[in-house]
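# Observations on chain architecture
Below are the chains, spelled out letter by letter.
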Amino acid sequence: MRFIIRTLAAAVALWVAIQFLDGISVDAPTNSARYWGVLLLVALIFGVVNAIVKPIVKALGCAIIVLTLGLFLLVINAAMLLLTSWIAGEFGIPFHVDNFYPAAFWGAIIVSVVSWVLSAFIPDGD
């Protein structure tokens, strides 16, 4: 149940990013069942990318992360959003991030902040 709630929170966070940025888009009729289905699929892909790829990238770039006092994590988050867009495109899912800056960079910040706020309302399960 917690996984489903976190996936829904990620879908809402992606929706907020789509609303604020022109460079992130879903090519489906707005607020249709297909639109929300695409957002849920993209949230699943984003979750898998963040669970598998992101720790590897963070481990490889830990020196740069330390040197930049953590600011390089913004670049890593943007790269994960771009990777999610690429994977979605490979599966024929109509989700697209135009470029690294400003779309992926600010999109990753928006998704992170919205996910963080929503996680405050999600029970821990402990």
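First, a word on what this report is: a plain description of the structure on this page. Position numbers for residues start from 1 in each chain and track the written sequence from start to end. For this predicted model, a pLDDT threshold of at least 70 governs which residues receive local features, and a threshold of 80 or more governs which side-chain atom pairs are given and counted, while totals over whole chains, interfaces and linings are taken from all residues. Processing note: side-chain calculations cover all non-hydrogen atoms of the structure and skip hydrogens and water entirely.

## Quick notes on the side chain of Ser85
Worth spelling out the cut-off: Only DSSP runs of H or I with at least four residues qualify as helices, and only runs of E with at least two residues qualify as strands; both kinds are numbered from the N terminus onward. Throughout this description, a polar contact denotes any pair of N or O atoms lying within 3.5 Å of each other; where both atoms belong to protein, one of them has to be capable of donating a hydrogen while the other can accept it, and for residues adjacent in sequence the pair is counted only when both atoms sit in side chains. In what follows, a contact means two residues having at least one pair of non-hydrogen atoms within 4.5 Å.
Take Ser85: it is sitting in helix α4 (residues 72-90). At a separation of 3.0 Å, a polar atom in the side chain of Ser85 contacts the main-chain amide nitrogen of Val97. The contacts of Ser85, once residues within four sequence positions are left out, are Phe95, His96 and Val97.

## A look at a nonpolar patch on the surface
Put simply, the rule is: Residues enter patches when they are more than 30% accessible in relative terms and free of salt bridges; like-charged ones are connected within 9 Å and nonpolar ones (Val, Leu, Ile, Met, Phe, Trp, Tyr) within 5 Å. Per-residue accessibility takes into account occlusion by the displayed protein chains alone, with areas from the Shrake-Rupley method and a 1.4 Å probe. Note on definitions: salt bridges are taken to be side-chain nitrogens of Lys or Arg within 4 Å of carboxyl oxygens of Asp or Glu. When accessible area is computed with a 1.4 Å probe and restricted to protein chains, residues below 20% of their type maximum are described as buried, those above 50% as exposed, and intermediate ones as partly exposed.
Taken together, the side chains of Met1, Phe3, Ile4, Ile5, Leu8, Leu40, Leu41 and Leu44 define a hydrophobic patch exposed on the protein surface, amounting to about 770 Å² of accessible area. The set of elements that each furnish at least two residues to the nonpolar patch consists of α1 (2-20) and α2 (33-60). Take the nonpolar patch: its biggest share by element is 4 residues, from α1. For Met1, the location among the structural elements is in the segment before α1. In this structure Met1 comes out as exposed when scored by relative accessible area, which is 74%.

## Observations concerning the environment of Val26
Within the secondary structure layout, Val26 lies in strand β1 (residues 24-26). Of the residues examined, Val26 reaches a relative accessible area of 11% and is grouped as buried. In this structure, the C-alpha to C-alpha distance between Val26 and Trp36, residues 10 residues apart in sequence, is 9.5 Å. Discounting residues that sit within four places of it in the chain, Val26 has contacts with Ile18, Tyr35, Val38, Leu39, Pro94 and Phe95.

## Focus: the environment of Ile5
Tracing the sequence through the fold places Ile5 in helix α1. Taking the relative accessible area as the measure of exposure, Ile5 reaches 31% and is therefore partly exposed.

## Re the layout of surface pockets
Heads up, the rule is: Of the two site types, the cavity is a set of points on a 1 Å grid over the protein atoms alone where a 1.4 Å probe fits but cannot get out, and the pocket is an open set with protein on both sides within 12 Å along at least five of seven lines, each lined by residues with an atom within 4 Å of a point. Grid points are joined across faces, edges and corners, and a volume is the space filled by probe spheres set on the points. Note on residue classes: Ala, Val, Leu, Ile, Met, Phe, Trp, Tyr, Cys and Pro are nonpolar, Asp, Glu, Lys and Arg are charged, and everything else, Gly too, is polar.
Of the voids in this model, the largest pocket is the one considered here, and its volume is about 410 Å³. Residue lining of the largest pocket: 20 residues in total, with Arg6, Ala10, Gly47, Asn50 and Ser115 positioned closest to the centre. Counting residues per element, the ones that place at least two in the lining of the largest pocket are α1, α2 and α5 (100-119). Looking at the lining of the largest pocket element by element, the count peaks at 7 residues for α2. The class makeup of the residues in the lining of the largest pocket is 11 nonpolar, 7 polar and 2 charged.

## Re the packing of α2 against α4
A pair of packed helices can be characterised by two numbers: the angle between their axes and the separation between those axes. As a reminder, the rule being used: Note on geometry: axes are C-alpha line fits, over the in-contact stretch for helices, and angles between N-to-C directions span 0 to 180 degrees. Oblique is the label for any angle not under 35 degrees, not over 145, and not in the 65 to 115 range, which are roughly parallel, roughly antiparallel and roughly perpendicular in turn. Here a crossing is taken to be left-handed if its near helix is turned anticlockwise relative to the far helix by less than a right angle, and right-handed if that turn runs clockwise.
Close contact between α2 and α4 brings their axes to 9 Å; oriented N to C, the two are set at 135°. As summarised for this structure, α2 and α4 are arranged oblique, according to the angle between their axes. In the packing of α2 onto α4, the handedness of the crossing is right-handed. Here α2 contributes Val42, Ile45, Phe46, Val49, Asn50, Val53, Lys54, Val57 and Lys58 to the contact with α4, which in turn contributes Leu73, Ile76, Asn77, Met80, Leu81, Leu83, Thr84, Ile87 and Ala88. In the contact of α2 with α4, the residues fall into 13 nonpolar, 3 polar and 2 charged.

## With respect to α5
For α5, the set of buried residues is Ala103, Ala104, Phe105, Gly107, Ala108, Ile110, Val111 and Val114. Against the buried residues of α5 lie α1, β1, α2, α4 and β2 (95-97).

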